[in-house]
Amino acid sequence: MEKATGHQQEKVEKTGAVMIVGGGVGGMQAALDLANSGFKVYLVEETTAIGGRMAQLDKTFPTNDCSMCTISPKLVETGRHLNIQLMMDSEVMKVDGQAGNFRVTVRHKPRYIDISKCTGCSECAQVCPIITPSRFDEGMAQQRAAYKLYPQAVPNAYAIEKRGIAPCRDACPTGQRAQGYIALIREGRYEDAMRVIKEDNPFPGICGRICNHRCEDACNRNLVDQPLSVASLKRFVTDQVYQQSYLPPDPLPYQYEEKVAIVGAGPCGLTAAKDLRKQGYPVTIFEALPLAGGMLRVGVPDYRLPPLIVDREVREIIDLGIDLRLNTPVTNLDDIMNEGFKAVLIAVGAHEGRKLPIPGADLPEVLINTKFLRDVSLLGLGIQKDPSGSEIRDPKSIVQNRHVLVLGGGNVAADCARTAVRLGAAKVDMACLESRQKMPAHPDEVKEAEEEGITLYNSRSFKRVLDQDGHVAGVEAVKVTFMEFDPEGRLNLETEEGSEHVLPCEVMIFAIGQRAGLAFIPESAGVGITRMSTIAVNPNTFAATRPGVFAAGDVTTGTAFVVEAVASGHKSAASIHRYLRGEELEPAPQPELPVVKLTKEELQERVASGDVRVATRLRIEPRPVHQRKSSFAEVSPGYTEEEAKAEAARCLACGICSECLCCYYKCGLGAINHNMVETQEEVQVGSIILSPGYQVYNAHLSQEYGLGRYPNVLNALQLERILSASGPTLGHVQRPSDGRVPKKVAFLQCVGSRDQSHPYCSAVCCMYATKEAIIAKEHEKEVEPTIFFIDIRAYGKGFDAYYERARKEYGVRYVRCAISRVVEDPRTKNLRITYIDDAGEIKEEEFDLVVLSVGMVPSASTSELAKNLGVELDPYGFAKTDSLTPLATSRPGVYVCGVFQGPKDIPETVAQASGAAAAASEILSEVRGTMVTRKEYPEEREVKEEEPRIGVFVCRCGNNIGGVVNVPGVKEYAASLGNVVYAEENLYTCSQDTQEKIKKAIEEHKLNRVIVASCSPRTHEPLFQETIREAGLNRYLFEMANIRDQCSWVHMHQKEEATSKARDLVRMAVANARLIRPLEEQTKGVIKRGLVIGGGLSGMTAALGLAEQGFEAVLVEKEGELGGNLRHLKTTLDGKDVPRYLEEVKAKVTRHPRIQVFANAAVTDFSGYVGNFKTSLRVGLGGSSREIEHGVTIVATGGEELKPKEYLYGEDKRVLTQLELEGLLDGDGKRVEGLKHVLMIQCVGSRNEERPYCSRVCCAEAVKNALTIKTLNPKAQVTILYRDMRMYSHLEEDYARARKAGVRFLRYEEDRKPQVARRDGNLEVIFYNPVLRENLSYYPDLLVLSTATVPADTAELASMLKVPRTADGFFLEAHMKLRPVEFASEGLFLCGVAHSPKLIEESLSQASAAVSRACTILGKDQIQVGGVVSVVDPEKCAACLTCVRVCPYNVPVINKDGVAEIEVAMCQGCGICASECPGKAIKLQHFTDEQILAKCDVLLEVLSDVLQGEAV
Amino acid sequence: MRVSYFPGCALHGTALEYDESTRAMSGLLGVELCELPDWNCCGASSAHVTDESLASGLVARNLAIAQKQGMDVVVPCAACYSRFKVGEKEALAGAESQKLNFRILNLLEFLITSGLRDKIKEIKKRPLSGLKVVCYYGCLLVRPPKVTGARNYENPKEMDELLGLLGAEVIPWSYKTDCCGGSLVLTRTDIVRRLTQKLLDEALEAGAEAIAAACPLCQSNLDSRQEEISREAGKRYELPVLYFTELVGLSLGHSDAGKWLKRHFVDPTKLLASKGLI
């Protein structure tokens, strides 16, 4: 129905879907409410799992329930809901459109693991070598880069944390995953490390020695101390692996026919050959030399690179099945093309050395670098002739005992010089153009050369070689003042005039660069050559100018390093593959990841936190010089294993994931995809709810407390993890410095709350500190907790009682003092705290552990989120809302809940979440049900008459079960059991394809019972039940045996016993399965009308909410007028006009066509069950009776301000309550003008023996009225006597405002209450002030009492509704944390002060929440009941009332036949009645005695067999 | 590199060795310290507690001189540094808001922001190996952060890192910025003794063999009071208190180091000799 409005409104096409941002407990609650009331939900969560902060907590206050246990069912329900689409790893980028129809752009970050394939088996994490601090454990433990956020995480899928590309990898032309293999070295997994290296580089032994390792220059560790010794670590891996004898690989199969020719068996050609061969091409290599390896084999001297290494790495490639033709110089390219090769790669390298064109360069003692080195190598192999066929002149004979000068400053020059030393030269010098700093040779190389006695002449240019009788006598040189190569490679040179001098020598070696020998490519070949004598290629594709011809390596670039040759080998091979397959030759763009550049600050923090230890690299000492000079043995001995592991441990793991691919190879499901990229998606929704939650204050910023500096200072969330049984210490309370149980533990409150930058109260810390103190003490008796606080803000339901229990029962010490700093005893690591005690004395006390009760700050991502959405924030980053519309943000159609709205605890978050769901769906009520999916099932097969035909599916769960339990054995065993007609084993029974297998097996083998032996029914039973239902079986014909959590995991090291236990469990499951029966669920209609009891703010809001959602509402008010307490309020703390608001709401309620109001009415009878209630009312002053039928009931009976019997109230008209004062301030401003002093007393009638609860609203009410007085009459003095100022959450700001306005706050003590008397006609208030430690007296004009809020008298109503109340007379909700607005009995809800005292905005949220919960019922046309419920056998029932008494839901009744009756629609299936019934008249379906006994019997039968066996 | 230099009265008097070692260190690092011509009292000792305008005026004059020189001003004395920084704030907030054309740097800031720390590491001659030292910054070098702009005002690390770089075993402790009683040095010596003794006790408990200081007043309190405290406490205190610049100078092998060390009440030579540093 269109709402009638005064102005023209554009009609918006609405969308019946809602987006929720944030998957914490609030987000989940809102999602479930909406999905269950007919809306499609998109739940956007930025992390890898839903659950939020609550999942991290250990216990919850004030019930000490396990947080994980309470949240877990919600996780599962949310994860499995048909109409909730989880968008993990996602963020909202942009929102267009308007309320009712938004277009939201969502960004999905890559997770690198396909959620739809992952079964959560954990094998990826088991093989992942990367260690990183665990976020979930707040850095208290470590996790792998492949991780699941926490064991119960939903979705049950792993994710890979990847920050970007490590700089080492980025710097490497071949993209070596150095971080990956380094991590594997640390773990001692050398074979894996080798695989990682070979992923990108077939020459690890070579590159580990002679690479110029740009990775080390780029290493972030440079910012801490020194870079990792990456090259040496790589060499170490090969040292380890090559110790084993060489096993030739199996030749690879051929995939393609096209033959590829490669000219040149150097690193480039070999790399390309390997890649192409692996693709499946026939590959032939033509090599001019008598051996393969190219420059590596004949250009690098043996002392740097032992030939054995080259030979092994070359052989590994050739043995893949490559046709290597040695001594086969290619003389003409066309010959090859004519042989039938479809593609040719020219990779002949640059083997031709060059001479400077200066006089004397042709003298016989002038040698050339490449030939010199090649001749040494070939002669070493006994080869006497060089490739051109001419006899080799022994270089040794030339240089021995001569003075040798090498011209050149590169690595090859150094190689020549150092080789000359080893050949016995008398003296060796090097001279080059470049200065020492600019020399291209690696500094280590230069250093070692100098150690070996080589003299360096830098910055020289050479004029001529001196000729003395046809022999070399030296070189004439000039000094260089400036040199530079321009981009074209031309040299710009300036020399010093008159600096000519002679460098004497007898032999000279030119080592000034090399070029390719391209004689075999005549011009007619159609292959273009550049001016620099290199082959012209497209740098992306390596294609030369002739089709089918490619070139790569030095022949295209001039001399470069091995890694470059390897890189171009890979790229050219890929290009050739694309060419031969007829694909686009240009490579496809790759996903771009950022290069991780760590900042100095970040690293300093990591050092400070102990995550990184400063330690310089482990140096390898080269062999002593005297040994080196006489031999070609390798100079560097390499790392020992111990050294390598220590060096590897220095790695900072910059990228987090290193893409080592261990997970990829391990995953049996193909779920890993490292090439995932970020994607964007546009989603259409009608409204949006923001619940992005919070993060704890970063207490590192409060340096005075020493978090991160002193090991025994923790933040509260870290302590939560320590207390958690699944946490880093498995729940043992230990202090980090020494693992000892801390005796004295101090909690410091308000860290990051109530301070200058966080002027709000974080609302939960007092209670969580109290809880942590209690739980720590429960875990370890000797713990003595002390809580240092400012005010204890135990304002919530049951909180004060909890606080009192902590003090009195657990002996938790509370000290009222804000602590300004913590200092550490350097020896014991204990911590000293200075405080002022009760007597005003300054005390210093030592503690074993200090816990910082850190406050809440909005999550880091929320400011961005708010900006993207156009939602206004307050100065601290919380969403801007006001007290009368607490759920609405500044943008219509966008709602908010949870801590993002302001600090709050779990129940308030949950209530607000439901409230936000109601608000979000209210504007979409007409499109309810338009976007939801309903599942259609095949008809159920009738199996009642059939013999049990059981199928058993035994799961390996990857290695989780299969690695411990003998799964094939268990499968065989299962097959041998009676009624089992089919058994199989699966790698992952929960994977998608296995579901199909199960369905097929059901059909093929006519199965009518299915057993899965795998993990926990808690997480997986619904999945398998769904599967068999899809196959036409009733979902109760399923049974599970937990052979993982309860078997393989706990008996990891007892494989045989575990297998035996698995057999027992399966046998028991089979025994049970024989007896299980299909259960029928009935459907019942739903009356789409709600009854709301109570016409105050909450009741009116609830009725209005139901009506706006499209349902009828009946509102029952006991008084003649609607409004309740709201009638007495005039304003709110944020200045809203309450009377006007009240009138508006009343008008809406009374005029609404779907709301029927009964004033002066009371409930007289109540019956029925969810969806079908019947209530009798007595209406009006006449008392006529009415009967209402309705589907839900909302109790909003409220409460009222206590009229006290103390402090002269009622005896002196100057003594008022706060509400009376508020009336006075509103009505007669003049009265205020004359006031000199108003004194207020807090906690009148609250927090005492009679009413041990905090009335919550009185502090705010007092502050509000005090501020009003100060505004009306700034001269009036206002004094508030309090016990704790409970100005929680944003109220703290009002508290500060009041102090600033001059309101005086003075504390009194519980056991020394103020005394009020009349003296000389004046009011006299005397009280003891514990700060001054003396009595003060005041003579106020007005004494205002902040009296308790007491619940309405609801005893009779509670007994009619059969719902419980607390000892204080408030109604008791189903669950303190997660079901705050509903009763345990279905269809009954509560809200407002009936639940507990609360402020207007809280009542509004709760009333909306009740509506939301109610809509999950009213939104359905019918509800399913039955299944696992208790049934009574009337024949056996003796009407003993046992069931009536024990049922926690008050379901059983004795019916008119005098026997117990259990309404199917109400039964929760807990089974308590069945187990208690003395006459065995009650049975719980699906869990019958027969079934349980059968399981026990088969277990014990075998046991007794065993015992008998032993006896024999 | 040239910078302006404001030694203040202490470095011309009681803390001569601070001045000398600072100049020596600068010389080795190739830094020319240009003392502000005709500088006057910074106003720290009594002016700022007795006459606000006098205090402002004193700093303002020094700042004006520095403005003329136009180079960063290095101020080794923590009290002078604090007054200079206050003066900078006042200049900025004044009626004719004046932005200074130079930075005011304490010595540690100077070494770090100018990159000289790396140079020190490079040219170090003798490592301070085995010397167990706690670094004491005092209060004025970092506080109040709104004046100094210090980020780690509860736990400054610059001196720790510097001496660590030179090989000293720098011991972490919690009292880096606790008060030594400096401003009560003449009026309430009883309080000064109590505060100083606490610092000495904590340093000893942490296992320090020496304290490195960066403020003339702190150094003189910690160094010169040990005898009285010993008498009062009935236990012998003999903990050398050195300016960090002296340790840097020692490590860089400056020939004058021996001269500075003689000016201390508690003789550090035995300790330094035992570590092979002199």
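Up top is the structure these notes are about.
Notes on the structure follow. Small disclaimer: the values here were computed from a predicted structure and weren't measured. (Residues numbered from 1 in each chain as written. Chains lettered and ligands numbered in written order. Predicted model: local features only at pLDDT ≥ 70, side-chain atom pairs only at ≥ 80, totals over all residues. Heavy atoms only, no water.)

### A short note on the sheet that holds strand β1 (residues 17-21) of chain A
Residues and elements named next belong to chain A. Which entries qualify depends on this criterion: Two strands qualify as a pair provided DSSP detects at least 2 bridges between them. Runs of H or I in DSSP of at least four residues are treated as helices and runs of E of at least two as strands, each being numbered from the N terminus. Every axis in this analysis is a line fitted to C-alpha atoms, fitted for helices over the stretch in contact. Angles between the N-to-C directions lie between 0 and 180 degrees.
Here we have five strands laid out as an open sheet, ordered β5-β2-β1-β29-β40, and parallel in their pairing. The outermost strands of the open sheet, each flanked by one partner alone, are β5 (84-87) and β40 (894-896). When strand polarity is set aside, the average angle formed by the axes of neighbouring strands in this sheet is 20°. Judged from the four bridges that link them, β1 and strand β29 (residues 687-690) form a sheet pairing that is parallel. By the bridge assignment for β29, V21 is matched with L690.

### A look at the interface of chain B and chain A
How we decide: Should any heavy atoms of two residues lie within 4.5 Å, those residues are counted as being in contact. In this description, buried area is defined as the sum, over both parts, of the accessible area (probe of 1.4 Å) that is lost when the two are combined. We define a salt bridge as a side-chain nitrogen of Lys or Arg found within 4 Å of a carboxyl oxygen belonging to Asp or Glu. We define a polar contact as two N or O atoms separated by no more than 3.5 Å, with the added condition that, inside protein, one atom must be a possible hydrogen donor and the other a possible acceptor, whereas residues neighbouring each other in sequence contribute only through side-chain atom pairs. Following the grouping adopted for this structure description, the nonpolar residues are Ala, Val, Leu, Ile, Met, Phe, Trp, Tyr, Cys and Pro, the charged ones are Asp, Glu, Lys and Arg, and the polar ones are all others, Gly among them.
The interface is formed by 17 residues belonging to chain B together with 16 residues belonging to chain A. When the two sides are added together, the surface that chain B and chain A hide from each other amounts to roughly 1,300 Å², 31% of it contributed by carbon and sulfur. By the criterion of area lost to chain A, the three top residues of chain B are E154(B), S174(B) and E205(B), representing 42% of everything that side buries. Applying the counting criterion to the chain B and chain A interface returns five salt bridges. E205(B) is the salt-bridge partner of R827(A), the closest N and O atoms lying 2.7 Å from each other. Linking chain B with chain A are 12 residue pairs in polar contact (both at pLDDT 80 or more). Looking at which element gives the most residues to the side of chain B that touches chain A, the answer is helix α10 (residues 189-205) of chain B, with three residues. Of the residues that constitute the side of chain B that touches chain A, the class distribution is four nonpolar, three polar and 10 charged.

### A few points about the packing of aromatic side chains
Any pair of aromatic rings gets described here by the distance separating the centres and the angle formed by the planes. Residues and elements named next belong to chain A. In plain terms, the rule: Pairing of aromatic rings covers Phe, Tyr and Trp, the last through its six-membered ring, and needs centres within 6.5 Å; plane angles under 30 degrees mean stacked, over 60 mean edge-to-face, and all others mean tilted. Burial here depends on accessible area, computed with a 1.4 Å probe over protein chains only, as a share of the maximum for the residue type. Under 20% is buried, over 50% is exposed, and the range in between is partly exposed.
Considering all chains together, one arrives at 28 aromatic pairs over all chains under this definition. Centre to centre, the rings of Y803 and Y814 are 4.8 Å apart; their planes meet at 85°, and the pair counts as edge-to-face. With Y803 in helix α26 (residues 799-808) and Y814 in strand β34 (residues 813-816), the pair connects residues that are 11 residues apart, well separated along the chain. Y814 matches Y803 in its accessibility class, with the two residues each being buried. With a centroid separation of 6.3 Å and 15° between ring planes, the pair formed by F1327 and Y1338 is classed as stacked.

### Things to note about the side chain of R297(A)
All names here are of chain A. Relative to the helices and strands, R297 is located in helix α11 (residues 295-298). Side-chain polar atoms of R297 contact the side chain of D311, separated by 3.1 Å. Setting aside anything within four residues of it in sequence, one finds R297 in contact with L291, A292, P307, V310, D311, S377 and L381.

Read these as layout, nothing more, since geometry by itself doesn't imply function.
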